[in-house]
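Remarks on the overall topology
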Amino acid sequence: MSAVEILFRDDYLVAVHKPAGLLVHRSPIDRHETRFALQEVRDLLGRRVYPVHRLDKPTSGVLVFALDPATARSLGDAFAGGLVDKTYLAVTRGIVPPEGIIDHSLSEEPDRLDSAKSSPAAPQPAVTAFRRLAEAELPVATGRHATSRYSLAELRPRTGRRHQLRRHMKHIFHPIIGDTTYGEGRHNRFFRQELGCGRLLLHAAELSLPHPANGEILTIAAPPDRELARLLDRLGWLAAATGRGRPSLPAPP
């Protein structure tokens, strides 16, 4: 049984719901992995598919593949040109501000296989808009305070730097829960041990792009998966996460 779920398909592209923990395609960094989203979508459709963007392995949500090389080029240009609107949900440490824009340049992070002698690249512009959707204060001490506070945030990256959302949320001191690279271990352990959720709590909830055939905007949404929905429901955030009664997030200038 495939781990991916088809959200949309036509003659040009297919969009699937990628679960957390699944690589988009084969990578020498994760040599032990034997299952990949690209392979599973190919097997589901019985035909070749072409990746046009990526989601980090621990991130769940909307992932798009083209069904032919021309569409792959068109969609690739749309992603590179900033014509694709991406909306994520994230559970973060602390109470984030009601809304804001993070305008903080990021240096491109090398892969582990890159030469250690490579010169570091200059920081590149990186912009993320965010909105707090819900908050909670739990009667549990994970540090020097008697309680622990968390937020559900809606994030919209306007650029596509590597690990941008995870690095930006760390930059404003609200790291994403479950992030073992940029997050905080004590909060990650609390969610894993007490709330039964050890994954990165970052979900690509919606993606809007110009359709390669006619240019009309196509919007594809992926609801929270079972594990994430269970956690959000336990925190009283499920309605906020699924959009009932929440205002849309304005795009940054």
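All of the points below concern the structure found in this document. (Residues numbered from 1 in each chain as written. Predicted model: local features only at pLDDT ≥ 70, side-chain atom pairs only at ≥ 80, totals over all residues. Heavy atoms only, no water.)

**Re the overall build of the protein chain**
When helices and strands are tallied, the protein chain shows six helices and ten strands. Here the protein chain, with 253 residues, has 47% of them falling under the buried criterion. Within the protein chain, contacts between residues separated by at least 24 positions form 66% of all contacts whose residues are at least 6 apart in sequence. (Helix = DSSP H or I, 4+ residues; strand = E, 2+ residues; numbered from the N terminus. Buried < 20%, exposed > 50% of the residue type's maximum accessible area, 1.4 Å probe, protein only. Contact = heavy atoms within 4.5 Å.)

**What to know about the environment of Tyr-150**
Note that Tyr-150 resides in strand E8 (residues 148-157). With 37 residues separating them in the primary sequence, Tyr-150 and His-187 have C-alpha atoms 9.7 Å apart. In this structure the side chain of Tyr-150 is engaged in a polar contact, spanning 2.8 Å, whose partner is the side chain of His-187. (Polar contact = N/O pair within 3.5 Å; in protein donor to acceptor, adjacent residues only side chain to side chain.)

**A word on the environment of Ala-129**
Within the secondary structure, Ala-129 sits in strand E7 (residues 127-138). Expressed as a C-alpha distance, the spacing of Ala-129 and Glu-99, which sit 30 residues apart in the sequence, is 7.7 Å.

**Regarding helix H4 (residues 185-193)**
Within the span of H4, buried status applies to His-187, Asn-188, Phe-190 and Phe-191. One side of H4 holds all its buried residues, which, seen down the axis, span an arc of 160 degrees. Packed against the buried residues of H4 are strand E5 (85-93), E7, E8 and helix H5 (226-234). (Arc of directions from axis to C-beta.)

**So, helix H2 (residues 69-80)**
With twelve residues, H2 should cover 16 Å at 1.5 Å per step; its first-to-last C-alpha distance of 16 Å lies within 8% of that length. Inspection of H2 places Thr-71, Ala-72, Leu-75, Ala-78 and Phe-79 among the buried residues, and these make up the whole buried set. All buried residues of H2 project into a common sector of 125 degrees when viewed along the axis, lining one side. Set apart from the buried face of H2 by more than 90 degrees, the exposed residues are Arg-73, Asp-77 and Ala-80. Two or three places before Ala-70, at the opening of H2, Asp-68 has a side-chain oxygen 3.1 Å from that residue's backbone nitrogen. Once H2 finishes, Gly-82 follows within two positions and takes phi at roughly 75 degrees, a positive value. (Expected span 1.5 Å × (residues − 1).)

Purely geometric numbers; function is a separate question.
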